[in-house]
Structure formats: structure tokens, C-alpha cells
Amino acid sequence: MTIMALVLIVAGGGGYLWFRMAGGPQAVSSVQQEAQTTAPAARPDEPFMATLFVPADGALGNVIVAVKRHPELQLQAREVVAALFAADQGKRASVVNELRLRALYLDASWTVTVDLSAASPNQKEIRASAEDELLAVYALVNTLTQNFPEVRQVRLLMDGRVTQTLAGHIDLSRAYVKRTDLVKNQ
């Protein structure tokens, strides 16, 4: 009886080891599942098709442009924001015309921080209506959140510092999320 119990324990342990080594059901991490369900990666020489939200006629219009593809999200986001600032001058609100990109950072919580400065080094302040300032802020926010679904929110800095506002109307001390109500239907 003791020998029979010992044989069953050894056989059971051996069967368990064989099952684990033979590739029985194993937990798949959410990262592995996400990697398996995403589309195949684009070739590095293919352009990244970006949707830019540009202020026009009291709303945000969208324009699709091809920009250089980068392997890292942070670098790709910087390229897309640079394209926004280089977009057609005729459609842009005065606030966007008066800004340039200094830096862009992505943190572990998927918050993008965009560090801006005045386009002209002699410029002391940005003058614009509340509507133009709002559209400039959401041009950046919507462009980043549309092109990079991982991005949860966007923070804006001026010259490397937290600032209260760009042109005196919109509070920049907080983070922003996408607002689709500002986009005009096309």
C-alpha cells in the first residue's frame, strides 16, 4: 500500500512536470496580448500619416500629413507637433503662429508635456482672444491624443516652466484631454 502511494505521488509529480514543460496553458500578460493584436509594424522608411488639428474659422479643422517615421513614440510625437507648427500659415490662429516647440516629454503615466516658447526671441507676450488661445491649446492636445492613443493627457509649459496662461485667458496649470466638440465636421 505504501509502495502504491509512493508510485502515485511520483507519477503525479512527473506528469505535472511533463505538462508544464510541454507547454500547457500559461498566463499571457496583457502586454503580450496587446502585441499580438496590434497591426504589423510599418517599415522604417514609410512615412507616418499624422492627423493635425489646425485652428480655422473658430474651430479645429483636421489635415492629414506625412511626417518622418521614428521608432520611439516620444520622437514621433515631437515630429508630429513640429508638423503642426509648420502647417499652413493661412489656417492657423495667431497664438499658434507665435509659438515654437522647445521640447516634448512623455512620462510613465502617458502624459505628454509640451514645452513651448515664443517664436520670436524679442516677443514679451502673446496677444490673442480667448477663443484663439483655446483653439491653440486644443490643436496641440487633440493632435497628440488622436495620433497616439496611448497618450492620456497633455501638459503645456512655457520656457521650461509651468505658466498660468499663454495669452491671459486659458489656465495652463492643469493637464488637458481631447475635446472633439471643437472639431468642425468635414
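Criteria and thresholds
- The residue numbers shown here count from 1 along each chain, following its written sequence.
- Local features are withheld for residues below a pLDDT of 70 in this predicted model, meaning they are given only at 70 or higher, and side-chain atom pairs are given and counted only at 80 or more; totals for whole chains, interfaces and linings count all residues.
- Hydrogens and water are ignored here; the side-chain numbers use all heavy atoms of the structure.
- Labels follow the DSSP assignment, with helices taken as runs of H or I lasting at least four residues and strands as runs of E lasting at least two, numbered in each case from the N terminus.
- Only protein chains enter the accessibility calculation, which uses a 1.4 Å probe. A residue is then buried if its area is under 20% of the maximum for its type, exposed if over 50%, and partly exposed in between.
- When checking whether two residues touch, look at their non-hydrogen atoms; a contact exists if any pair is within 4.5 Å.
- We get accessible surface area from the Shrake-Rupley algorithm with a probe of 1.4 Å; when it comes to residues, only the shown protein chains can shield them.
- Pairing between two strands is assigned when DSSP locates at least 2 bridges connecting them.
- An axis is simply a line fitted to the C-alpha atoms; with a helix, the fit covers only the stretch in contact. Between two such axes, the angle follows the N-to-C directions and lies from 0 to 180 degrees.
- Salt bridges, as used here, are contacts in which a Lys or Arg side-chain nitrogen is within 4 Å of a carboxyl oxygen on Asp or Glu.
- Working rule for helices: expected span equals 1.5 Å times residues minus one.
- For our purposes a nonpolar core is just a set of buried Ala, Val, Leu, Ile, Met, Phe, Trp, Tyr and Cys residues, chained together by side-chain atoms within 4.5 Å.

Quick notes on the overall build of the protein
Thought 1: Along its length, the protein carries five helices and five strands.
Thought 2: Each helix and strand of the protein, placed in order from N terminus to C terminus, yields the pattern α-α-β-β-α-α-β-β-α-β.
Thought 3: The buried share of the protein, taken over its 186 residues, is 36%.
Thought 4: A separation of at least 24 residues holds for 61% of the contacts in the protein among residues at least 6 apart in sequence.
Thought 5: Accessible area of the protein: about 11,500 Å², with a carbon and sulfur share of 56%.

Concerning the sheet that holds strand 4 (residues 111-118)
Thought 1: The sheet built from three strands is open, its strands ordered 3-4-5 with mixed pairing. With partners counted over all chains shown, the strands left at the sheet margins are strand 3 (99-106) and strand 5 (153-158), one partner each. Strand-to-strand twist across the sheet, computed as the mean angle between neighbouring axes with direction ignored, equals 25°.
Thought 2: Across the sheet, helix 3 (residues 73-86) touches strand 3 and strand 4, and the angle it forms with strand 3 is around 165°.
Thought 3: Contacting strand 3, strand 4 and strand 5, helix 5 (residues 130-147) crosses the sheet at an angle of about 135° to strand 5.

Comments concerning the pattern of salt bridges
Thought 1: Scanning the model with the defined rule gives three salt bridges in all.
Thought 2: Note that D181 and R179 form a salt bridge whose closest N and O atoms lie 2.7 Å from each other.
Thought 3: We classify D181 as exposed; its relative accessible area is 54%.

Digging into helix 5
Thought 1: Helix length check: helix 5, at 18 residues, gives a terminal C-alpha distance of 26 Å against a target of 26 Å (1.5 Å per residue), a fit within 8%.
Thought 2: The element helix 5 is largely enclosed, with a buried count of 13 among its 18 residues.

Concerning the nonpolar core
Thought 1: One finds L52, L60, V114, L116, V137, L144 and L156 to be the most contacted residues of the largest nonpolar core, which totals 38 residues.
Thought 2: Elements that contribute at least two residues to this core include exactly strand 1 (48-56), strand 2 (59-67), helix 3, strand 3, strand 4, helix 5 and strand 5.
Thought 3: Take this core: its biggest share by element is seven residues, from helix 5.
Thought 4: Beyond its immediate chain neighbours, meaning those up to four positions away, L60 contacts F53, V54, P55, L135, Y138, A139, N142, L182, V183 and K184.

Topic: the pairing of strand 3
Thought 1: Across seven bridges, strand 3 lies against strand 4 in antiparallel orientation. Bridge assignment links L104 to a residue of strand 4, and that residue is V114.
Thought 2: Hairpin connection between strand 3 and strand 4: a loop of four residues separates the two successive antiparallel strands, and W110 in this loop has a positive phi of roughly 65°.

Notes on the environment of A103
Thought 1: The residue A103 is located in strand 3 in this model.
Thought 2: Of the residues examined, A103 reaches a relative accessible area of 12% and is grouped as buried.
Thought 3: Through-space distance from the C-alpha of A103 to that of V114 is 6.2 Å; in sequence the pair is eleven residues apart.
Thought 4: Apart from residues lying up to four places away in sequence, A103 is in contact with R78, T113, V114 and D115.

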